[in-house]
Amino acid sequence: MAAPPPPPPRPRHPVADNDDLVGEILLRIPPDDPTRLVRASAVGKRWRRVLADPSFAARHRAFHPRAAAAAAAPVLGVLHNPADRELDRFVPAAASSFRAAAGDRRKHHILDCLHGRVVLYDYDSHYPTDGHVVWDPITGEQHRIPNVMDALTHPAVISGAAAGGGGGSASFIVAFVGVQNWERHFWDAHACFYSSETGEWSVHINIHLDLDGYHLEDRPAALVGGDTLYFVGKSGILLRYRYGLPLRCGRDILGHGITSADVLSVVDPPPGAKRRLRLGYTVVMAAPESDGGGLRLGVLHRHKLALWDREEDGSAAAAARWVWRVAIDLEQVLPWPVGNTKGKERACLAAVAEDPNVIFVGTEEDGVFAVELDSLRIKKVCELGKSQGRFFPFVSYCAESFLLSVATSKLPAPAAN
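Residues numbered from 1 in each chain as written. Predicted model: local features only at pLDDT ≥ 70, side-chain atom pairs only at ≥ 80, totals over all residues. Heavy atoms only, no water.

Undergrad: I keep staring at empty space enclosed by the protein and nothing clicks. Help me out?
TA: By rolling a water-sized probe across the atoms, one finds the places where empty space is left. What the rule picks out here adds up to three cavities of 30 Å³ or more. Size it by volume and the largest cavity reaches roughly 280 Å³. The wall of the largest cavity is formed by 22 residues, among which L114, A221, A351, V352 and A353 lie closest to the centre. Of all elements in the fold, only β3 (108–114), β12 (222–224), β16 (281–286), β20 (348–351) and β24 (387–395) reach the threshold of two or more residues within the lining of the largest cavity. If one sorts the elements of the lining of the largest cavity by residue count, β16 sits on top with four residues. Of the residues that constitute the lining of the largest cavity, the class distribution is 18 nonpolar, two polar and two charged. (1 Å grid on protein atoms, 1.4 Å probe; cavity = no way out; pocket = protein on both sides within 12 Å on 5 of 7 lines; lining within 4 Å. Points joined across faces, edges and corners; volume = space filled by probe spheres on them. Helix = DSSP H or I, 4+ residues; strand = E, 2+ residues; numbered from the N terminus. Nonpolar A, V, L, I, M, F, W, Y, C, P; charged D, E, K, R; others polar.)

Undergrad: So what exactly am I meant to see when it comes to the packing of helix α1 (residues 19–27) against helix α4 (residues 56–63) here?
TA: Helix-helix packing is described using two parameters, namely the angle between the two axes and the distance between the axes. Across the interface, α1 lies against α4 with an axial gap of 10 Å and an inter-helix angle of 50°. In terms of orientation, α1 lies oblique with respect to α4. Of the two possible hands of crossing, α1 and α4 adopt the one that is right-handed. For the pair α1 and α4, contact is made by G23, E24, L26 and L27 and by F56, R59, H60 and F63, respectively. (Axes fitted to C-alpha atoms, helices over the stretch in contact; angles between N-to-C directions. Parallel < 35°, antiparallel > 145°, perpendicular 65-115°, else oblique. Left-handed = near helix turned anticlockwise from the far one by under 90°. Contact = heavy atoms within 4.5 Å.)

Undergrad: Whenever I open this one, the pairing of strand β17 (residues 295–301) confuses me. Can you help?
TA: Successive side chains on a regular strand alternate, one facing one side of the sheet and the next facing the other. Taking burial as the measure, the seven residues of β17 include seven buried ones, the bulk of the element. When β16 meets β17, the two strands line up antiparallel, connected through six bridges. In the sheet register, A286 faces β17, and the bridge partner there is L295. Across seven bridges, the pairing between β17 and strand β18 (residues 304–311) is antiparallel. Along β18, the bridge assignment pairs R296 with D309. If you look at the hairpin formed by β17 and β18, you'll find two residues sitting between the two strands, and R302 has a positive phi there, around 55°. (Buried < 20%, exposed > 50% of the residue type's maximum accessible area, 1.4 Å probe, protein only. Pairing = 2+ DSSP bridges.)

Undergrad: Explain the sheet that holds strand β4 (residues 117–122) to me, please; I cannot follow it from the model alone.
TA: Backbone hydrogen bonds are what pair the strands of a sheet, in a parallel or an antiparallel way. The four strands lie next to each other as β3-β4-β5-β6, forming an open sheet whose pairing is antiparallel. Lying at the two open borders of the sheet, with one neighbouring strand each, are β3 and β6 (142–144). Neighbouring strand axes in the sheet, compared pairwise and without regard to direction, differ in orientation by 25° on average.

Undergrad: Would you mind showing me how to read the pattern of salt bridges here?
TA: Between side chains of opposite charge, pairing is possible as soon as their charged atoms come close. This model, assessed by the stated rule, comprises 14 salt bridges. Residue K386 is joined to E364 by a salt bridge in which the shortest nitrogen-to-oxygen separation is 3.6 Å. Of this pair, K386 sits in the loop between β23 (378–382) and β24 while E364 sits in the loop between β21 (358–363) and β22 (367–372), and the two are 22 residues apart along the sequence. The exposure class of K386 is exposed, given its relative accessible area of 57%. Between K380 and E383 there is a salt bridge; the shortest N-O distance is 2.6 Å. Accessibility expressed as a relative area gives 34% for K380, which makes it partly exposed. Through salt bridges with shared partners, a single ionic network connects D291, R296, D309, E311, R321 and R325. (Salt bridge = Lys/Arg side-chain N within 4 Å of Asp/Glu carboxyl O.)

Undergrad: Would you take a moment to explain α1 for this structure?
TA: In an α-helix there are 3.6 residues to a turn, and that puts residues three or four apart on one side. All of the buried residues in α1 are V22, G23, L26 and L27. Taken down its axis, α1 places every buried residue within 135° of arc, on the same side. (Arc of directions from axis to C-beta.)

Undergrad: Would you explain the nonpolar core in this entry?
TA: Within soluble globular proteins, side chains that are nonpolar tend to cluster in buried spots. Counting 45 residues, the largest nonpolar core has L229 and Y241 as the members making the most contacts within it. Looking at this core, the element that brings in the most residues is strand β8 (residues 172–183), giving seven residues. The contact partners of L229, leaving out residues within four places of it in the chain, are A156, I158, A175, A221, A222, L223, L239, R240, Y241 and Y243. (Core = buried A, V, L, I, M, F, W, Y, C linked by side-chain atoms within 4.5 Å.)

Undergrad: What am I meant to see in the environment of A222 here?
TA: Its place among the elements puts A222 in strand β12. Between the alpha carbons of A222 and R296 there is a distance of 8.9 Å; along the sequence they are 74 residues apart. Dropping the residues within four chain positions of it, A222 is found in contact with T228, L229, Y230, V284 and M285.

Undergrad: Would you mind showing me how to read the environment of H215 here?
TA: Examined against the element boundaries, H215 turns out to sit in the loop between β11 (205–209) and β12. Those residues in contact with H215 that sit more than four places away from it in its chain are G233 and K234.

Right, dumping it as structure tokens:
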């Protein structure tokens, strides 16, 4: 008896063969969790081709304007250096399903986090000068920075789009500063940056410091004005690195009438703030545009968060002045006692470039909280646990990072169809 004929093939849905319709469907995937985009890219070659189109990331961002807005970029979690080195460096936010990609290893020490990238030191590196790595927690991509001088101890990573280097968001620069005591009463400050676009280092800047015992604190830098970084030093003294000048002028800064002191300089703290600065926890950030968008200094002493803004007229330090803004009583806001009246603060502060109106306060026992400075609304981000000092909120429009990785073919090939 003859076998029955096979059933006719199921007709393909018209969407399957229409890139425009597939694109319209994929545009509607929510941007806060890239795992849905991961699954979509694995459906088949057509879907991956649509996602890999260089214009799709921009279209997806425009389709979700609220999530793409800088101030609305979600806090996906917190990075820190746990006391137990077997634990992950990334702690996901309670409200996020995002999990960091491979690269979160126990011999990695987190140094900085900005614009969706992380600078870490890899203690597995064969050479100490090649231990610095830039890691993208969304795509898992890692970029090793070669030949970092010993004097360059404090890094800050900036996306190419924010730095204005012309490489777009796929590129980045890592600015380094450091202070070196090469003789008993002689201290020098150093600064230099590495560009992922060129694979080269910028001109090295070196200035002498007329300060005895000067050193940099273990604090993240603040990016202000798109081309200037501020690093926190002892007793609130700040080291200002205007990396935008050598970025625009190249190595021949003298030919453009620019001196080392124009690029790297010391900013004195607000007058009358020495006690707070000596006993409190200091953080630097950019002020909101409504307050001028300049440098803001925050000091947490006991339960009071004091804020100063620095108003500048041009690049001359003499034309700048500190302006007292406000003192916020965090004890009335947070659900736990903030200050330690018998010593230094037990709470740490952090800020993010994406939302200057928010400051993060955290302790090992109580976790990390986001505090809106204008409304004083609070939201718990995550638990923290035993940690080696500071923490770094990880803020990113994660869908765009994933789409850029698809466009550059840094993901496994999808199923054939």
